[in-house]
Amino acid sequence: MKPSSPGVSARMSRQPSKDTGVELAVRRLLHAAGLRYRVEYPVPGMPRRRIDVAFPKAKIAVLIDGCFWHGCPRHATHPKANAEWWRRKLERNMARDRETTEHLTAAGWTVLRFWEHVPADEVAGAVRAAVDRERRGGESREGNTRAPERP
Ligand SMILES: [Zn+2]
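Here goes a summary of the coordinates provided. Keep in mind the model is a prediction, meaning the values are calculated, not measured.

1. Brief notes about helix α4 (residues 120-136)
Between its terminal C-alpha atoms α4 stretches 24 Å, which fits the 24 Å expected from 17 residues at 1.5 Å a residue. For α4, the secondary structure elements touched by its buried residues are α2 (21-32), β2 (50-55), β3 (60-65) and β4 (110-115). Backbone geometry just after α4 places Gly137 at a positive phi near 75 degrees.

Shown next, in the form of structure tokens:
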């Protein structure tokens with residue numbers, strides 16, 4: 001029941017901030033619900049950026065952001081040593097996050113971002129709902145120009 005490809009673990013071990021317990025738990029829940037997805041999927045047109053959990057056909061990107069590295073308003077801490085360096089580093093991370101979201105949205109993707117402190121079942125539930133909406137061909141989010149499907 002390991003959905004990831006062999007290369008993924010090696011790749012992710014170099015990105016410890018990404019391989020959070022929440023992400024693994026979310027993937028397990030989605031897999032158990034019968035959803036099939038790609039992990040560490042390359043962001044189209046943005047070299048070296050990855051989507052944590054991607055549904056390429058439905059164009060749904062799930063990004064789970066570590067509270068520290070991505071500046072969660074509830075849990076971000078600001079190291080006292082080298083404070084200026086850290087401030088810039090974290091601001092750069094957050095700017096990258098916004099850029100990635102905007103890029104994907106412009107390319108027609110639905111971007112679902114969660115803090116790692118959000119319970120896994122909540123994240124999985126939101127992802128399942130988005131995938132369901134996409135499969136029904138209905139309106140998935142604000143700004144979607146397709147007509148909503150009414151029963
Ligand atoms: Zn947090």
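2. Observations regarding the packing of α2 against α4
Packing of α2 against α4 brings their axes to within 9 Å, and their N-to-C directions diverge by 50 degrees. Classed by the angle they form, the pair α2 and α4 counts as oblique. The handedness of the crossing between α2 and α4 comes out as right-handed. Residue-level contacts link Val22, Ala25, Val26, Leu29 and Leu30 of α2 to Ala120, Asp121, Val123, Ala124 and Val127 of α4. Of the residues that constitute the contact of α2 with α4, the class distribution is nine nonpolar, no polar and one charged.

Rules of the game
- Residues numbered from 1 in each chain as written.
- Predicted model: local features only at pLDDT ≥ 70, side-chain atom pairs only at ≥ 80, totals over all residues.
- Helix = DSSP H or I, 4+ residues; strand = E, 2+ residues; numbered from the N terminus.
- Expected span 1.5 Å × (residues − 1).
- Contact = placed C-beta atoms within 7 Å.
- Axes fitted to C-alpha atoms, helices over the stretch in contact; angles between N-to-C directions.
- Parallel < 35°, antiparallel > 145°, perpendicular 65-115°, else oblique.
- Left-handed = near helix turned anticlockwise from the far one by under 90°.
- Nonpolar A, V, L, I, M, F, W, Y, C, P; charged D, E, K, R; others polar.

Without other data, these values stay purely geometric and don't point to any function.
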